[in-house]
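Here is how the chains run, residue by residue.
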Amino acid sequence: MLILSNDDIEKILPVGACLDVLEEAYRDLGNGMAATVPRYDVFSPTKSLNEFYEYKTMSGVLPNRGIAALRLNSSVVKWYEKAGGVRKDKLPVAGGDRYVGLIMLFSTETGEPLAIFPDGYVQKLRVAGASAIAARYLARKNSTTMALLGSGWQASAHLVTMAMIRDLRQVRVFSPTPESRRKFVDEWRGKVNVELIESVSAAEAIKDADMVICTTNSISALFPGEILQPGMHVSCVKPCELDALTYKRADPLIIHWREAKPFQIAIGVDPQSIPDVAEGWHHPITREDTAIWDLPTISQLVNGQHPGRVHDEAISCFCNNVGLGLQFAAVGSEVLARAREARVGREIPTDWFLEDVHP
């Protein structure tokens, strides 16, 4: 069994390298040839006020690649007010001020464990990959200007992948902390072949942009939907980044997957004290003409079962309403193949993880 680090994976898997395998996985999922298992979130109180332990699992099976994947997070989280909205953060309280997020890969031929590695670098690749694949089908072909809301971990991957699927010339970056957005612009200027501009508000970044890409940890809407202009494409990494009007104006509105709401369990605490539970994962998509989450999916886009953008003047939207365990099987299969080819990582005996007792 192969043990890899985030650094190992970053060396062999550039941002944007997983678009093809992710699109393949979405196609297989839509055709009933792959499976994604719903996410489970378990919350319990900690000794610290307003902090919670969160145990999160999701998994998926991609038979055409011979891979099944389990992703789990064992985290301490908190919610706090920032820039007029509510944010959620994982706290680095594991040994050495670090986090715990793991991916395990298994063979669908023998059942054996194949690899284990952290989820951090892969996490941003799979989320940015979904956004880019959706934009490939939904954003206008002549899109050249992008508003990038957020300046963190996800923003960098979205910057790179969006520049791969559209000939971007200008990206306007906004996040509520001036130092953060300035640092992001300085760091990425010259690394991508686009003009990076720091914006002082979301509205300034969005005005006359072709694409509006949200990449934050906010659980509050980032801008009012009325400022969107005809022809724009909008995407989010979680539903709450966009308001109800944005969803109402979107045509088409494409979601990630219909089995959207995570199974949420609260132990020893009032569920209403946990914003993720109290706010409701369905908020704020409320369309009179559509049952909740009964909307076309990214699988239908890549399979040609949905036409994507039809009118240049339409406002298209991709709502990444829930992450899919299948994404980790897809990206994981690419990680494993490249790691074996490059001979990176550490091999440990697979026998350590096998048993002769019938489970």
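Scroll up to find the structure.
These remarks concern the structure in this document.

## Structural notes on the overall build of the protein chain
(1) Moving on: When you go through the protein chain residue by residue, the secondary structure sums to 10 helices and 16 strands.
(2) Moving on: For 359 residues, the compact-globule estimate of 2.2 N^0.38 gives 21 Å, and the C-alpha radius of gyration of the protein chain, at 20 Å, lies within 12% of that figure.
(3) Moving on: Taken along its principal axes, the extent of the C-alpha atoms in the protein chain is 65 × 45 × 45 Å.
(4) Moving on: Considering only residue pairs separated by 6 or more positions, the protein chain has 71% of its internal contacts joining residues 24 or more positions apart.
(5) Moving on: For the protein chain, the accessible surface area stands at approximately 16100 Å², while carbon and sulfur atoms represent 52% of it.
(6) Moving on: Distance from the positive charge centre (38 side chains) to the negative charge centre (44 side chains) of the protein chain: 4 Å.

## Points about the layout of surface pockets
(1) Moving on: Reported here for the largest pocket is a volume of approximately 1600 Å³.
(2) Moving on: Around the largest pocket sit 48 residues that line it, and Asp-89, Lys-90, Trp-153, Gln-154 and Asn-217 are the ones nearest its centre.
(3) Moving on: Contributing elements (two or more residues each) for the lining of the largest pocket: strand E3 (51–62), strand E4 (67–82), strand E5 (85–90), strand E6 (101–107), helix H3 (120–138) and helix H4 (153–165).
(4) Moving on: The element contributing the most residues to the lining of the largest pocket is E4, with five residues.
(5) Moving on: Tallied by class, residues from the lining of the largest pocket come to 15 nonpolar, 19 polar and 14 charged.
(6) Moving on: Of the pockets and cavities examined, the second largest pocket occupies roughly 390 Å³.
(7) Moving on: What lines the second largest pocket is a set of 16 residues, among which Lys-124, Gly-152, Trp-153, Ser-156 and Glu-187 lie closest to the centre.
(8) Moving on: Looking at the lining of the second largest pocket, the elements with two or more residues in it are helix H1 (6–12), H3, H4 and helix H5 (178–188).
(9) Moving on: Sorting elements by how many residues they give to the lining of the second largest pocket places H5 first, with five residues.
(10) Moving on: Its residues placed into classes, the lining of the second largest pocket shows five nonpolar, six polar and five charged.

## Things to note about the packing of H3 against helix H10 (residues 325–342)
(1) Moving on: Contact pair H3 / H10: the axes reach a minimum separation of 10 Å and the direction vectors enclose 115°. With respect to the hand of their crossing, H3 and H10 are arranged in right-handed fashion. Only Gln-327, Phe-328, Val-331 and Val-335 of H10 make contact with H3, whose side of the interface consists of Val-122, Gln-123, Arg-126 and Ala-130.
(2) Moving on: A per-class count over the contact of H3 with H10 returns five nonpolar, two polar and one charged.

## Thoughts on the sheet that holds strand E12 (residues 233–236)
The strands that make up a sheet are held in pairs by hydrogen bonds between backbone atoms, and each pair lies either parallel or antiparallel.
(1) Moving on: Taken together, the seven strands give an open sheet; going across it, the order is E10-E9-E8-E11-E12-E15-E13, and neighbouring strands pair in parallel fashion. This sheet does not close on itself; its edge strands, each paired only once, are strand E10 (195–198) and strand E13 (253–255). Geometrically, the sheet is characterised by an average inter-axis angle of 15° between neighbouring strands, direction not taken into account.
(2) Moving on: Note: E12 against strand E15 (residues 316–319), four bridges, orientation parallel. Of the residues in E15, the one forming a bridge with Val-234 is Cys-317.
(3) Moving on: Across the sheet, H4 lies against strand E8 (145–149), strand E9 (170–174), E10, strand E11 (211–214) and E12, angled at about 165° from E8, the strand it touches most.

## Here we look at the nonpolar core
(1) Moving on: Ranked by size, the top nonpolar core spans 69 residues in total, and within it Leu-13, Leu-105, Phe-117, Met-146, Leu-148, Leu-159 and Val-171 carry the most contacts.
(2) Moving on: Sequence-distant contacts of Leu-13, that is, excluding residues within four places in its chain, are made with Cys-18, Tyr-121, Leu-125, Val-331, Glu-334, Val-335 and Arg-338.
(3) Moving on: Of all hydrophobic cores here, the second largest spans 25 residues; its members include Ala-147, Leu-228, Cys-236 and Ala-250.

## Regarding the environment of Asp-270
(1) Moving on: Relative to the helices and strands, Asp-270 is located in the loop between strand E14 (263–266) and helix H8 (275–279).
(2) Moving on: For Asp-270, a relative accessible area of 46% corresponds to the partly exposed category.
(3) Moving on: When the C-alpha atoms of Asp-270 and Ser-44 are compared, they prove to be 9.8 Å apart, with 226 residues separating the residues in sequence.

## Some details on the environment of Gly-325
(1) Moving on: Note on placement: Gly-325 falls in helix H10.
(2) Moving on: Residue classification places Gly-325 among the buried residues on the basis of a relative accessible area of 0%.
(3) Moving on: Separated by 253 residues in the primary sequence, Gly-325 and Leu-72 have C-alpha atoms spaced 9.8 Å apart.
(4) Moving on: The residues contacting Gly-325, other than those within four sequence positions of it, are Thr-36, Met-58, Ser-59 and Gly-60.

Calculation notes
- Every chain is numbered independently, its residues counted from 1 as its sequence is written.
- It should be noted that, the model being predicted, local features are given only for residues of pLDDT at least 70 and side-chain atom pairs only at 80 or more, the latter also being counted only at that level, while totals for whole chains, interfaces and linings use all residues.
- The basis for the side-chain values is all heavy atoms of the structure; hydrogens and waters are excluded.
- What counts as a helix is a DSSP run of H or I of at least four residues, what counts as a strand is a run of E of at least two, and both are numbered from the N terminus.
- Values of the radius of gyration come from C-alpha atoms, whereas the globule rule sets the reference at 2.2 Å times the count of residues to the power 0.38.
- It only takes one pair of heavy atoms within 4.5 Å for two residues to be counted as in contact.
- What sets the accessible areas is the Shrake-Rupley method with a 1.4 Å probe; for residues, cover comes only from the shown protein chains.
- Charged-residue counts in this description rest on Lys and Arg as positive and Asp and Glu as negative, His and the chain ends being excluded.
- Lysine's charge is taken at NZ, arginine's at CZ, aspartate's at CG and glutamate's at CD.
- A cavity here means a set of 1 Å grid points, computed over protein atoms only, where a 1.4 Å probe fits but cannot escape. A pocket is an open set with protein on both sides within 12 Å along at least 5 of 7 lines, and lining residues have an atom within 4 Å of a point.
- Grid points are joined across faces, edges and corners, and a volume is the space filled by probe spheres set on the points.
- Note on residue classes: Ala, Val, Leu, Ile, Met, Phe, Trp, Tyr, Cys and Pro are nonpolar, Asp, Glu, Lys and Arg are charged, and everything else, Gly too, is polar.
- For helices, the fitted axis covers only the stretch in contact; all axes are lines through C-alpha atoms, and the angles between them, taken along N-to-C directions, range from 0 to 180 degrees.
- In a left-handed crossing the near helix is turned counterclockwise from the far helix by less than a right angle, and in a right-handed crossing that turn is clockwise.
- Pairing between two strands is assigned when DSSP locates at least 2 bridges connecting them.
- Take the buried residues of types Ala, Val, Leu, Ile, Met, Phe, Trp, Tyr and Cys, join any two whose side-chain atoms come within 4.5 Å, and each joined set is a nonpolar core.
- Residue burial is assigned from relative accessible area. The probe radius is 1.4 Å, only protein chains are included, and a residue is buried under 20% of its type maximum, exposed over 50%, and partly exposed in between.

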